[in-house]
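Results of the structural survey
Spelled out, the chains give:
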There are 2 protein chains.
Amino acid sequence: MPKISDAQRETRRQQILAAALRCFSRDGFHNTTTADIVRESGVSQGTLYLYFTTKEDMVVALADDRHQSEAFLNALAQSEQDPVRGLLTLIELHGRGLTEPRRLDARRVGVQGWAESLRSPRIHASVVGGMALVREAIGQLIQRGQRTGQIRPEVDPDGVARTLIATFQGLVLQVAWGEPVDLHACGRTMRDMIGALLTDAGKLTLAASPAFDPPAEPSLD
Amino acid sequence: MPKISDAQRETRRQQILAAALRCFSRDGFHNTTTADIVRESGVSQGTLYLYFTTKEDMVVALADDRHQSEAFLNALAQSEQDPVRGLLTLIELHGRGLTEPRRLDARRVGVQGWAESLRSPRIHASVVGGMALVREAIGQLIQRGQRTGQIRPEVDPDGVARTLIATFQGLVLQVAWGEPVDLHACGRTMRDMIGALLTDAGKLTLAASPAFDPPAEPSLD
DNA sequence: AATAAAACTGACGGGTCAGTCATTATAAAA
DNA sequence: TTTTATAATGACTGACCCGTCAGTTTTATT
């Protein structure tokens, strides 16, 4: 008979993770001490280790959280009828996420995780696995587009998917560095990237898509 | 009356930097101790601090080295007569660099530096400054292309430059992670990106360019 | 109210590491 | 050969930090 419910336990866990996220974002993973997380979260040193076996555990948990929310975006884009619209939607959704102030810490910690995954197998697995989900989502949209004749058959789905993801990764970097990225301009360039994949029939679809530069609500600002 | 010449001093410095690069690549910046660099370089603990005032100094020096070699690629591309050819050359040169085994350590440490620049103003300045050089090189090529009528006038030079750089940054990441990146496919996608910027007159230039998929020597393998 | 199982606490131990400095080595000059 | 200024050394130190554990608190159950 445990004293706290699963919900309470999960709340505590999130309380610690949120504090860790703020610390990692502010000071970096290696310059954050467990004492910092204790201060920021309000739980005791010992409690930290009731919920996570090691500091690295927290990074992995944060990465997994991030990938879970990305999976949601993928599902949203897959639900589009038109695969080309789906691609544009995916780009738009991720584009919006690039500058959401709410996710500033997540982006900064995400970049840290990219570096950490060079030396930690666990973080590497998490990061690469998360990327694979997005890559497959994009690849499937492209294959659907090729089946409908909207996307040129000689396009390599995986190569394009990797390149699109690479572009977003780079933009995340630049935004995290505080660079004055003009996301409108970058969005246009990425729309052009998609446009270059299309057959003549597909170009009609692209022209008709309201996913970019909608009149009421600019998409990539 | 110094006991060693400037050349000797520079050699020692490079000896230390080369060792630091190997250590940082293998274990990451924060998991590399000065003792590791001592072991790898063969100099003593004290000598380290005759050449660098702090461990961070070494990271900055490595970043500056990297940017210097990138500046060389920029100059090479700028020397092309045709600006569109120049863009393709720039992409090809950086594309080749993506997989050169000789630069494996530099790429891995570069990714570390991207994360470090989130918390160290000095590294931030170095990394962002290095990127600005490449961005200006690309921006100038695009502006030249617009003056010659090869590139559509409504294209935003800086936005495209940022997006192209972002794509390369993402590919560097993925390659550093050991992902099986098909650089041929990514190269085709990036060529399409450039193609989407061109006017109809410019497309002739692109079609005639041997920069990609040359018969004898594949460019992005 | 008494009990007991689970959650929580925080001081502390064992270990690590960046940077220093008193000493030694080296080589050019006298 | 002696002198002297610079280079190199490596043992040392003071600070720091992760993870633990013996003891305390909380709360469901009896």
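What follows concerns the domain arrangement of chain A. Residue and element names in this part refer to chain A. Domain assignment breaks chain A into domain 1 (1-52) and domain 2 (55-208). Of note, the centres of domain 1 and domain 2, computed from C-alpha atoms alone, are 30 Å apart. At the junction of the two partners, domain 1 supplies 17 residues and domain 2 supplies 15 residues. Among the residues domain 1 hides against domain 2, the three largest losses belong to L21, S25 and F29. Together they make up 40% of the total.

With that settled, the discussion passes to the interface of chain B and chain A. Bring the parts together and some accessible area is lost; that lost area is often taken as the interface size. Contact residues are listed per partner, giving 46 residues for chain B and 46 residues for chain A. Carbon and sulfur atoms make up 62% of the surface buried where chain B meets chain A, a total of about 3800 Å² over both sides. Area buried by chain B at its contact with chain A is led by L118, R162 and W177 of chain B, which between them contribute 21% of it. Run the count over chain B and chain A and you get six salt bridges.

Okay, the pattern of salt bridges next. All chains considered together, the criterion is met by 32 salt bridges over all chains. A salt bridge links R152 of chain B to D192 of chain A; the nearest nitrogen and oxygen atoms lie 3.8 Å apart. Placement of R152 of chain B in the loop between α7 (121-147) and α8 (157-176) and of D192 of chain A in helix α9 (residues 183-195) is noted, with the two residues assigned to different chains. Two residues, E100 of chain B and R103 of chain B, come together in a salt bridge whose shortest N-O distance is 3.7 Å. Exposure remark for E100 of chain B: the relative accessible area of 25% places this residue in the partly exposed category. Overall, the relative accessible area of 30% leaves R103 of chain B in the partly exposed class. Within the structure, one salt-bridge network assembled from shared partners comprises R22, R26, D27 and E40 of chain A.

Applying the stated rule across the entire model yields four aromatic pairs over all chains. Consider the rings of W114 of chain A and W177 of chain B, whose centres lie 6.4 Å apart with planes at 70°: the pair is edge-to-face. Of this pair, W114 of chain A sits in helix α6 (residues 104-116) while W177 of chain B sits in the loop between α8 and α9 (183-195), each in a different chain. Exposure remark for W114 of chain A: the relative accessible area of 11% places this residue in the buried category. Owing to a relative accessible area of 5%, W177 of chain B belongs among the buried residues under this scheme.

Turning our eyes to something else, we now look at the protein's contact with DNA strand C. Around DNA strand C lies a shell of 19 residues, among which K3, G46 and T47 of chain A together with K3 and T34 of chain B are the nearest. When the atoms of DNA strand C within 4 Å of the protein are grouped by moiety, sugar and phosphate amount to 56% of the total. In this structure, a phosphate oxygen belonging to DNA strand C sits 2.7 Å away from a side-chain N or O atom of T47 of chain A. The separation between a phosphate oxygen of DNA strand C and a polar side-chain atom of K55 of chain B is 3.1 Å. Those elements that place two or more of their residues in the surface near DNA strand C are α3 (45-51) of chain A together with α3 (45-51) of chain B. Among the elements that make up the surface near DNA strand C, the one with the highest residue count is α3 of chain A (five residues). Considering only residue class, the surface near DNA strand C consists of six nonpolar, nine polar and four charged.

Near DNA strand D there are 20 residues, and of these K3, T34 and Y49 of chain A together with K3 and T47 of chain B occur at the shortest range. Among all atoms of DNA strand D positioned within 4 Å of the protein, those belonging to sugar or phosphate total 55%. Within the backbone of T32 of chain A, one N or O atom sits 3.3 Å away from a phosphate oxygen of DNA strand D. The separation between a phosphate oxygen of DNA strand D and a polar side-chain atom of R12 of chain B is 3.2 Å. Of all the elements in the fold, those that place two or more residues in the surface near DNA strand D are α3 of chain A together with α3 of chain B.

A rise of 1.5 Å per residue sets the reference length of helix α6 (residues 104-116) of chain B, with its 13 residues, at 18 Å; its end C-alpha atoms lie 19 Å apart and thus fit the reference within 8%. Judged by how many residues are buried, α6 of chain B sits mostly within the fold: 10 of 13 residues are covered.

Rules used in this analysis
Residues numbered from 1 in each chain as written. Chains lettered and ligands numbered in written order. Predicted model: local features only at pLDDT ≥ 70, side-chain atom pairs only at ≥ 80, totals over all residues. Heavy atoms only, no water. Domains from an automatic or database assignment. Contact = heavy atoms within 4.5 Å. Buried area = accessible area lost by both parts, 1.4 Å probe. Salt bridge = Lys/Arg side-chain N within 4 Å of Asp/Glu carboxyl O. Helix = DSSP H or I, 4+ residues; strand = E, 2+ residues; numbered from the N terminus. Buried < 20%, exposed > 50% of the residue type's maximum accessible area, 1.4 Å probe, protein only. Phe/Tyr/Trp six-rings, centres within 6.5 Å; stacked < 30°, edge-to-face > 60°. Near = heavy atom within 4 Å. Polar contact = N/O pair within 3.5 Å; in protein donor to acceptor, adjacent residues only side chain to side chain. Nonpolar A, V, L, I, M, F, W, Y, C, P; charged D, E, K, R; others polar. Expected span 1.5 Å × (residues − 1).

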